[in-house]
Amino acid sequence: MSLTMKILIGMLAGVVVGAAINTLDNAFVSDVVVGGFFAMIGTMFVNALKMLVVPLVFFSLVCGVAGIGDIRVLGRVGTKSFGLYIFTTAVAIATAILLALVIGPGQGFEMQGIDASGITAKEAPSVWEVFANIVPTNPIQAFASGEMLQIIFYTIILGVAVVMLGDQSASFVRACEYMNEVMMKIVSIVMAFAPYGVFCLIAKTFAEQGIDLFVPVLAYVGTLVGALFLHLFVTLMILLKLTTGLNPLTFMKKMRSAQIFAFSTASSNATIPVTLQCITERIGVKNSVASFTIPFGATINMDGTAIMQGVATVFLANVYGIELGISGYLMVIAMAVLASIGTAGVPGVGLVMLTMVLNQVGLPIEGIALILGVDRLMDMIRTAVNITGDAVVSTIVAKLEGEFDPAVFGDPNAGIESERDLEIDPAAEERLAGAARPHPRPQPAE
Ligand code: ASP
C-alpha cells in the first residue's frame, strides 16, 4: 500500500475516532487521550515538519539559484510568480465575494449570546513596511525566527554571489546539493510517521470541534466551502489546463499528500517540505523553479485565506445590515491581497488578516466571534487550497521557463514514497564506519 493511501486512511480514521470521542463526552478521554496523547503526537509531528523547513529552503534554494544556469532567468521567475500569485489571489477573493453576494449568508441572523471579548484589531502594516522588511538586518535572526521572505532574500543574494565566484564555488554548491539530499531524506523519514501524526492531529480537532458550533453559521460555512471548492476544482484547474495543457486530474492526484498535510496541520509553512517533494518528484517542476516559488508562495500566496476574507466580510455585512457597495468590496479585495503578502502561512493567521480587512471597511470586528468556533476546520480546508494555488503557479512558471520534466508528470509512480526509501545499504554502512574510524597515528620510530 502506498504511503499516501496510508495517510488518507489515517486521516479518515482520525475523523471517525475524533467525532466518536466528541459524542462520548468523557472527561478522562478528553483530558488524557485527546488533550494528552493525541496532542503530544500531533505536536511532535508538526514540529518535525517545521524543523525541516528552514534548512530545506536554504539548501534547495542555493542549489536552485546555482542550477538555473542564467541569473537573468531568476528575475523572470520572480516576476512571473509574483504576478501570478497576486492575480490568483485577487480572482479567488473576487469570486468569493460574488458567490457570497448571490447566496447572501447572514441575512436575518439573530445575534445572541456571542462573547466578543478578547478580539482586537491588528493594524495592517503599510506596503512600504512590508517590502522594506524583506531585507533582514541579521540573517541568523531571520533564520532562527523562520522569517520566510527574509530567508528567501538572503539566500538568493548568497546564491547569486556564489554564482559570481564561478569555479571557486564548485565544492560549496556540491555540499549544498548533498545537504539538500540529506534534508529530502529526513522528509522521507518524517513522512513515514505521517499516517499516525495525521491521525492524531485530525482526531484531536474533530474531538474538540462540536457539530453544534456549525449550526448557527451553517450558511457561512456552506458558502465558504463552496467558494473554496470552486476555486480549487474549477478556477485553478482551468488556469492550469489553459496555460500548461497538463491534465488537472493527474495534477490533483499527485498533489494529494501535500493537500492532506496542509489539511491536517493548517499551516502552509509547515507543509513546505511536502509541497516541495510533490512538486519536484511527482509533478516534474525542476528544483531551480520550485525551490523559490514554493516557499515564496507559502508566504505571499493565500487564495483560500483570501476567499475566507471575502465570504466573512459579506456575511458580517449582512449580519450587521451594513451596505458596503462596490467601492467597499474593491477595498476588501485590495486589503486581502496586500495582507496576504506580508503574513506567514501559519494556523489561524487568516483571522488576524480579517481584523485588518474589517477595520478598513468599517465593519465591527467583534463579528469575528461568530465564526471563531468553526475557524479551525475552515483553516484546514483553506490551507489545502493555499498550497494547491502555490503548486499550480509553480507548475505554470516552470512550464513557461522550460524547467518542467513531462516524463515525471507522465509517470504515475514517480516520487511515490516506498519502504525502500528508508533502507540502509549494509555495504555502504560498513564503508562509512571505516571512513569514520580514526586513522591510527603513525608511531614515532624507536
Ligand atoms: N493557515 C493558513 C495557511 O497556513 C493561513 C490562514 O488562512 O489562516 O496557509
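Predicted model, so just to flag it, every value in this text is computed and none were measured.

Novice: Explain the site of the ligand to me, please; I cannot follow it from the model alone.
Specialist: Residues in contact with the ligand amount to 14 residues; listed here are only the nearest, Ser268, Thr305, Gly350, Asp379 and Arg382. At 3.1 Å from a nitrogen atom of the ligand is found a side-chain nitrogen or oxygen belonging to Thr383. Side-chain polar atom of Asn386 to an oxygen atom of the ligand: 2.8 Å apart, as the coordinates give it. Protein coverage of the free-state accessible area of the ligand, which is 270 Å², stands at 100%.

Novice: Quick question: what am I supposed to make of helix H9 (residues 218-244) here?
Specialist: What sets the pattern is the α-helix's 3.6 residues per turn: residues three or four places apart point alike. For H9, spanning 27 residues, the distance from its first C-alpha to its last is 37 Å, which sits close to the expected 39 Å at 1.5 Å a residue. Of all bends in H9, the biggest is about 35°, found at His231. Positioned one or two residues after H9, Gly245 has a phi angle of 75°, which is positive.

Novice: How should I be thinking about the UniProt feature "transmembrane region" (unreviewed entry) in the chain in this particular structure?
Specialist: Cross-referencing UniProt, the feature "transmembrane region" (unreviewed entry) maps to residues 35-61, 82-103, 148-166, 186-207, 213-240, 326-345 and 351-372 in the present numbering. Taken as a whole, residues 82-103 contains 100% helix and 0% strand, while its terminal C-alpha atoms sit 32 Å from one another.

Novice: Whenever I open this one, the environment of Ile103 confuses me. Can you help?
Specialist: Position of Ile103 relative to the elements: it lies in helix H3 (residues 71-103). Given a relative accessible area of 48%, Ile103 falls into the partly exposed group.

Novice: How should the state of the cysteines be read in this particular structure?
Specialist: Note on terminology: disulfide describes a covalent bond linking the sulfur atoms of two cysteines. This model, assessed by the stated rule, comprises 0 disulfides. Sulfur of Cys63: no disulfide; nearest cysteine sulfur belongs to Cys176 and is 5.5 Å away. Residue Cys176 is classed as buried on the basis of its relative accessible area of 2%.

Novice: Explain the environment of Leu377 here, please?
Specialist: Mapped onto the elements, Leu377 comes out in helix H18 (residues 375-400). In this structure the C-alpha to C-alpha distance between Leu377 and Ser327, which are 50 residues apart in sequence, comes to 31 Å. Among all residues touching Leu377, those that are not within four sequence positions of it are Phe206, Gln209, Phe214 and Phe263.

Novice: Could you clarify how one ought to interpret the pattern of salt bridges in this entry?
Specialist: A side chain of one charge can pair with a side chain of the opposite charge if their charged atoms are brought near each other. If you walk through the whole model with that rule in mind, you get 6 salt bridges. We note a salt bridge from Lys80 to Glu401, for which the minimum N-O separation is 2.6 Å. Here Glu401 lies in the loop between H18 and helix H19 (406-410) and Lys80 lies in helix H3, a separation of 321 residues in the sequence. When its relative accessible area of 12% is taken as the criterion, Glu401 is described as buried. Among the charged side chains, a salt-bridge network with shared partners connects Arg76, Lys80 and Glu401.

Novice: Help me understand the layout of surface pockets, please; the structure alone is not making it clear to me.
Specialist: Unfilled space is identified by rolling a water-sized probe across the atoms. Reported here for the largest pocket is a volume of approximately 610 Å³. Forming the boundary of the largest pocket are 22 residues, of which Met11, Phe229, Phe263, Leu377 and Ile381 lie nearest the centre. Those elements giving two or more residues to the lining of the largest pocket turn out to be helix H1 (3-24), helix H8 (194-208), H9, helix H11 (256-265) and H18. For the lining of the largest pocket, a count of residues per class yields 16 nonpolar, 5 polar and 1 charged. Estimates place the volume of the second largest pocket at around 420 Å³. In terms of lining residues, the second largest pocket is bounded by 20 residues, among which Glu147, Leu149, Gly342, Thr343 and Ala344 are the most central. Within the residue set of the lining of the second largest pocket, elements represented by two or more residues are helix H6 (148-164), helix H15 (325-342) and helix H16 (349-361). When grouped by side-chain class, the residues that make up the lining of the second largest pocket number 10 nonpolar, 8 polar and 2 charged.

Novice: Mind showing me how you'd approach empty space enclosed by the protein here?
Specialist: Summed over the entire model, instances satisfying the criterion amount to 2 cavities of 30 Å³ or more. The volume enclosed by the largest cavity comes to roughly 80 Å³. Contributing to the lining of the largest cavity are Leu3, Thr4, Ile7, Met191, Ser257, Gln277, Arg282, Gly415, Ile416 and Glu417. Taken together, the elements giving at least two residues each to the lining of the largest cavity come down to H1 and helix H12 (268-283). Broken down by element, the residue count for the lining of the largest cavity peaks at 3 residues, all from H1. Considered class by class, the residues forming the lining of the largest cavity number 4 nonpolar, 4 polar and 2 charged. Counted as a void, the second largest cavity has a volume near 60 Å³.

How each quantity is defined
- Residues numbered from 1 in each chain as written.
- Predicted model: local features only at pLDDT ≥ 70, side-chain atom pairs only at ≥ 80, totals over all residues.
- Heavy atoms only, no water.
- Near = heavy atom within 4 Å.
- Polar contact = N/O pair within 3.5 Å; in protein donor to acceptor, adjacent residues only side chain to side chain.
- Areas by Shrake-Rupley, 256 points an atom, 1.4 Å probe, with all protein chains shown as cover.
- Helix = DSSP H or I, 4+ residues; strand = E, 2+ residues; numbered from the N terminus.
- Expected span 1.5 Å × (residues − 1).
- Bend = angle between axes of the 7 residues up to and from the residue.
- UniProt positions renumbered as here; feature names shortened; annotations may be inferred.
- Buried < 20%, exposed > 50% of the residue type's maximum accessible area, 1.4 Å probe, protein only.
- Disulfide = S-S within 2.5 Å.
- Contact = heavy atoms within 4.5 Å.
- Salt bridge = Lys/Arg side-chain N within 4 Å of Asp/Glu carboxyl O.
- 1 Å grid on protein atoms, 1.4 Å probe; cavity = no way out; pocket = protein on both sides within 12 Å on 5 of 7 lines; lining within 4 Å.
- Points joined across faces, edges and corners; volume = space filled by probe spheres on them.
- Nonpolar A, V, L, I, M, F, W, Y, C, P; charged D, E, K, R; others polar.

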